[in-house]
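Per-entry structural report
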2 protein chains.
Amino acid sequence: MTIKLDDVAKLAGVSKTTVSRVLNNRGYLSEETKKKVNKAMKELNYQPNAVARQLFRKKTNLVGLIFPTVDNPFFGELVAELEPRLFKAGFKVFIGNSMNDPEKEKAYLRELISNQVDGLIVGAHNYNIDEYMNTNLPIVAIDRIINKDIPVISSDNYQGGKLATELLIKRGAKFIVITDGPLSLQTPAHKRRQAYKDVMKAHGLEPRTFLINFSWSIEKKKRSIEKMFQKFPTMDGVFATNDIDAAMVWQTAEELGIEVPADLKIIGYDSAHSTRLLLPKLTTIEQPISAMAEAAVHTLLQRISGENIICEQVLPVRVWHGRSV
Amino acid sequence: MTIKLDDVAKLAGVSKTTVSRVLNNRGYLSEETKKKVNKAMKELNYQPNAVARQLFRKKTNLVGLIFPTVDNPFFGELVAELEPRLFKAGFKVFIGNSMNDPEKEKAYLRELISNQVDGLIVGAHNYNIDEYMNTNLPIVAIDRIINKDIPVISSDNYQGGKLATELLIKRGAKFIVITDGPLSLQTPAHKRRQAYKDVMKAHGLEPRTFLINFSWSIEKKKRSIEKMFQKFPTMDGVFATNDIDAAMVWQTAEELGIEVPADLKIIGYDSAHSTRLLLPKLTTIEQPISAMAEAAVHTLLQRISGENIICEQVLPVRVWHGRSV
DNA sequence: GTGAAAGCGCTAACAT
DNA sequence: ATGTTAGCGCTTTCAC
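Values in this document were obtained by computation on a predicted structure and should not be read as measured data. (Residues numbered from 1 in each chain as written. Chains lettered and ligands numbered in written order. Predicted model: local features only at pLDDT ≥ 70, side-chain atom pairs only at ≥ 80, totals over all residues. Heavy atoms only, no water.)

Some details on the overall build of chain A
Which entries qualify depends on this criterion: A run of H or I in DSSP becomes a helix once it reaches four residues, and a run of E becomes a strand once it reaches two; helices and strands are each numbered from the N terminus. Our radius of gyration looks at C-alpha atoms and nothing else; its globule reference is 2.2 Å times the residue count to the power 0.38. Between buried and exposed lies partly exposed: a residue is buried under 20% and exposed over 50% of the maximum accessible area for its type, with that area taken using a 1.4 Å probe on protein chains only. In what follows, residue pairs with any heavy atoms lying within 4.5 Å of each other are defined as contacts. Where accessible areas are quoted, they stem from the Shrake-Rupley method and a 1.4 Å probe; at the residue level, only the protein chains shown are allowed to cover. None of His or the chain ends enter the tally, which takes Lys and Arg as positive and Asp and Glu as negative. The atoms used to mark charge sites are NZ of Lys, CZ of Arg, CG of Asp and CD of Glu.
Along the backbone of chain A there are 12 helices and 12 strands. Relative to the 2.2 N^0.38 estimate, which gives 20 Å for 325 residues, the radius of gyration of chain A is 25 Å and therefore markedly larger than a compact globule would have. Each of the 325 residues in chain A was classed as buried or not, and the buried ones make up 54%. In chain A, the share of contacts with a sequence separation of at least 24, taken over all contacts with a separation of at least 6, comes to 68%. Taken as a whole, chain A presents about 14300 Å² of accessible surface, with 51% of it coming from carbon and sulfur. Distance between charge centroids for chain A: 5 Å, based on 44 positive and 37 negative side chains.

Now the structure itself:
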């Protein structure tokens, strides 16, 4: 049995109200009473029940995070940057890894709403989900379009795609393939592909897309990449829209005896801290993860406090110069 | 204003009790009533308030996860493996990144207890924290000793340290340095160092430890590693107790013109999925992350359901053969 | 089969 | 300066 307010009150010889007042430091209290109550709380090792408070206050100080998986350097770093900022602002964090499964995402959404979270930060890359529409919960999306009313934080995907493609071309690549997820996902990240196409066309080169789904297993991705090499034997450049895929392309090239960057130039995307530490030689587009987290939390807090600012925030990217291009 | 049970009851023309029964599928109900109520719930888009339920039931179906940071391939993968298993078992997940800050860990612990979590999985590597003692909350620790009553899941750290050291020696290294965190942390991972020492001594070699604290910044780690090379100019082997450090050692060696593995052999530890994808050439000790997550969840669920099994579970490790040794 | 009423632990009017 | 009481949204005895 856990200790509750009433137990403390009885031990201190006062009413529940008084204990509550001490707990919340509200109203008039004599020093003596405060001391008595504090002593009783210590003695019983009293911990207030947050659930009861939440019910009364209709505020939980809980924020839900829905992301594909934390087991990916980009999302891992993003969550690691979000969480302490939210904690500092007084929020605890629920996490849900949707693995890009719409059913799981829906389930999370329901659970989180049911748990009365005060807000949501969503970075999962899913198909349209009605549940987002029927709620006036404060939500912020990262790199994802949910609907017009939900603010989106993203990095400059068009610029990133442009920088990547131009760099490959500048270094002499002509047969450049972009690896990307399905277009059916509504994400600003598709601007990377648009930029790629635009730049290719501007240089009189033919754009080619090869599908690699983010949520495929490692084995399936690996087989797909091998197929890509078969399908495009004269390929001399790859723009992979995330670093893990870029690393797998590089690995496959090595297995096939293809020299990087001499025979094949590879550029990735994301450049999370841990990726840069493990594979600094990978040339890649660096997303400002920390700044994105900052913007997301800032915007969410604004929303929670009632400011109904609708906006899209686009943060700058830059090239991380490794040795793969 | 949110829709509550009472609103549904009114619209359906029944009592709260009946709606609650429909919601929980309990007791006798006529088909007709069920239909009426379900219709009303749909119409109002009713979502039950989990907080109110939690207060009544004294069960939250919430589990807290306390880890240093999800922005590290090992912990990221661990959390990614824990979360879906807990979700499947009906639990939602709170996450707290302690960054090995005891104050933050204490704060999390208090918050989570206050939030009435049903259980805790702790993998943060901290100094002793009293708060763990004064609770009879079901807890499972990963690679960490909290007290005798708390089950520990770990991989076979002694065997890992032995395999690593023996491999370095077998390939001809003689001046082998281990990089490790401070001994003051109570973690079974210290057995890696013990195994290293034992094996070195058995081969008549002198063990040498170089401190690299997990929670140092990248820059500080980098400077430390550079110092290590200065301090031990004849070093020909490094056993890094995590892969990120191993990668940094390798990177520094390259900058200094030292050939790996010819002049310097490096072996890491952890071998998370994403690390293996990014840097498959790193020879390292592979922890069975998925099996550890499975064991942790299984044990926690047992504890939550009241079985008071005290146990230490040690799972096997193996060598990932890259090209750095 | 269905409803009225009490209570989970806490807070805040409204007394006194 | 402190206590009494009602109520947050839900579930569950106990009646009918």
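Overview of unusual backbone geometry
All names here are of chain A. A cis amide bond links Val 260 to the next residue, Pro 261, at an omega of 5°. Here Pro 261 lies in the loop between helix 10 (243–255) and strand 9 (265–270). Even without being a glycine, Asn 61 presents a positive backbone phi close to 55°. With respect to the helices and strands, the residue Asn 61 is situated in the loop between helix 4 (50–57) and strand 1 (62–67).

What to know about the relation of the copies chain B and chain A
Heads up, the condition is: When the copies are superposed, the least-squares fit takes in the C-alpha atoms of residues with a pLDDT of at least 70 in both.
Of the transformation superimposing chain B on chain A, the axial component is 0.0 Å and the angular component is 180°, with the fit at an RMSD of 0.1 Å. Such a combination of turn and shift is consistent with a two-fold rotation axis. Measuring from the rotation axis to each C-alpha of chain B, the shortest distance belongs to Phe 94 of chain B, at 2.3 Å. Both copies share a contact surface, since 100% of the interface residues of chain B are interface residues in chain A too.

A look at the packing of aromatic side chains
Selection criterion: Stacked, edge-to-face and tilted are the three classes for Phe, Tyr and Trp ring pairs, Trp counted by its six-membered ring, which pair at centre distances within 6.5 Å; planes under 30 degrees apart are stacked, over 60 edge-to-face, the rest tilted. Note on criteria: charge over ring means Lys NZ or Arg CZ within 6 Å of the ring centre, with the direction from the centre no more than 35 degrees off the ring normal.
Inspection of the entire model under this criterion finds 13 aromatic pairs over all chains. Taking 5.2 Å as the distance between ring centres and 70° as the angle between the ring planes, the aromatic pair formed by Phe 74 of chain A and Phe 75 of chain A counts as edge-to-face. With 4.6 Å between their ring centres and 5° between their planes, Phe 94 of chain A and Phe 94 of chain B make a pair best called stacked. Linking Phe 94 of chain A in strand 2 (residues 92–97) with Phe 94 of chain B in strand 2 (residues 92–97), this pair reaches from one chain into another. In this structure Phe 94 of chain A comes out as buried when scored by relative accessible area, which is 1%. Clustering of aromatic rings is evident, with ring pairs tying together Phe 67, Phe 74, Phe 75 and Phe 214 of chain A. In this arrangement the basic side chain of Arg 192 of chain A is found over the ring face of Tyr 269 of chain A, its NZ or CZ atom lying 3.7 Å from the centre. Residue placement shows Lys 221 of chain A over the ring face of Phe 214 of chain A; its charged tip is 5.5 Å from the ring centre.

Quick word on the interface of chain B and chain A
Put simply, the test is: Accessible area that two parts lose when put together, with a 1.4 Å probe and added across both, is what the buried area reports. We define a salt bridge as a side-chain nitrogen of Lys or Arg found within 4 Å of a carboxyl oxygen belonging to Asp or Glu. Counted as a polar contact is a pair of N or O atoms within 3.5 Å, where, for protein atoms, one must be capable of donating a hydrogen and the other of accepting one, and residues adjacent in sequence contribute only when both atoms are in side chains.
Counting residues at the interface gives 53 residues for chain B, matched by 53 residues for chain A. Carbon and sulfur atoms supply 65% of the area buried between chain B and chain A, which totals about 4700 Å² over both sides. Ranking the residues of chain B by area buried against chain A places Val 51, Leu 277 and Leu 278 of chain B at the top, with a combined share of 15%. Where chain B touches chain A, the interface holds 6 salt bridges. In this structure, the connection of chain B to chain A is made through 14 residue pairs in polar contact (both at pLDDT 80 or more).

Here we look at the pairing of strand 3 (residues 119–122) of chain B
All names here are of chain B. Selection criterion: DSSP calls a pair of strands paired once it identifies at least 2 bridges connecting them.
Side chains Gly 119 and Ile 121 of strand 3 all project onto a buried face; the interleaved residues Leu 120 and Val 122 project onto the opposite face, where all are buried too. Pairing of strand 1 (residues 62–67) with strand 3 involves 4 bridges; the strand directions are parallel. Bridge assignment links Ile 66 to a residue of strand 3, and that residue is Val 122. Direction of pairing for strand 3 relative to strand 4 (residues 139–142): parallel, over a ladder of 3 bridges. When the sheet's bridge partners are listed, Ile 121 is paired in strand 4 with Val 140.

So, the pairing of strand 2 of chain A
All names here are of chain A. Among the 6 residues of strand 2, 6 are classified as buried, and the element is accordingly described as predominantly covered. What you see with strand 2 is no split at all: Lys 92, Phe 94 and Gly 96 on one side and Val 93, Ile 95 and Asn 97 on the other are buried throughout. Examined bridge by bridge, strand 1 and strand 2 share 6 bridges and lie parallel to one another. For Phe 67, the partnering residue across the bridge sits in strand 2 and is Asn 97.

Quick look at the UniProt feature "domain: HTH lacI-type" (unreviewed entry) in chain A
Our working definition: UniProt positions are given in the numbering used here, feature names are shortened, and annotations may be inferred rather than shown by experiment.
Taking the numbering used here, the UniProt-annotated feature "domain: HTH lacI-type" (unreviewed entry) corresponds to residues 1–57 of chain A. Helix makes up 68% of residues 1–57 of chain A and strand 0%, whereas the separation of the span's terminal C-alpha atoms amounts to 24 Å.

Digging into the sheet that holds strand 12 (residues 318–320) of chain B
Residues and elements named next belong to chain B. Put simply, the rule is: Here an axis means a line fitted to C-alpha atoms, over the contact stretch when the element is a helix, while the angle between two N-to-C directions is reported on a 0 to 180 degree scale.
On the basis of which strands lie adjacent, the open sheet formed by 6 strands has the order 7-6-8-9-10-12 and mixed pairing. Of all strands in the sheet, those with a lone pairing partner are strand 7 (208–211) and strand 12, marking the two edges. Adjacent strand axes in the sheet meet at a mean angle of 25°, parallel and antiparallel pairs treated alike. One ladder, built from 3 bridges, connects strand 8 (residues 237–240) with strand 9 (residues 265–270); its direction is parallel. Looking at strand 9, one finds that Val 238 is bridged to Ile 266. Sheet strands in contact with helix 8 (residues 190–202) are strand 6 (176–180), strand 7, strand 8 and strand 9, and its direction is about 170° off that of strand 6. Contacts from helix 10 (residues 243–255) reach strand 8, strand 9 and strand 10 (284–286), with the element oriented near 160° to strand 9.

Overview of the protein's contact with DNA strand D
Using the following cut-off: Here, proximity means that at least one heavy atom of the residue falls within 4 Å of the molecule or strand. The residue classification treats Ala, Val, Leu, Ile, Met, Phe, Trp, Tyr, Cys and Pro as nonpolar and Asp, Glu, Lys and Arg as charged. All others, Gly included, are polar.
What surrounds DNA strand D is a group of 28 residues, the closest being Thr 17, Thr 18 and Thr 33 of chain A together with Leu 5 and Tyr 46 of chain B. Taking the atoms of DNA strand D that fall within 4 Å of the protein, sugar and phosphate contribute 64% of them. Arg 21 of chain A is positioned such that a nitrogen or oxygen atom in its side chain is 2.6 Å from a base oxygen of DNA strand D. A distance of 2.4 Å is found between a phosphate oxygen of DNA strand D and a side-chain nitrogen or oxygen belonging to Tyr 46 of chain B. Every element with two or more residues in the surface near DNA strand D is listed here: helix 2 (16–24) and helix 4 of chain A together with helix 2 (16–24) and helix 4 (50–57) of chain B. Of the residues that constitute the surface near DNA strand D, the class distribution is 11 nonpolar, 9 polar and 8 charged.

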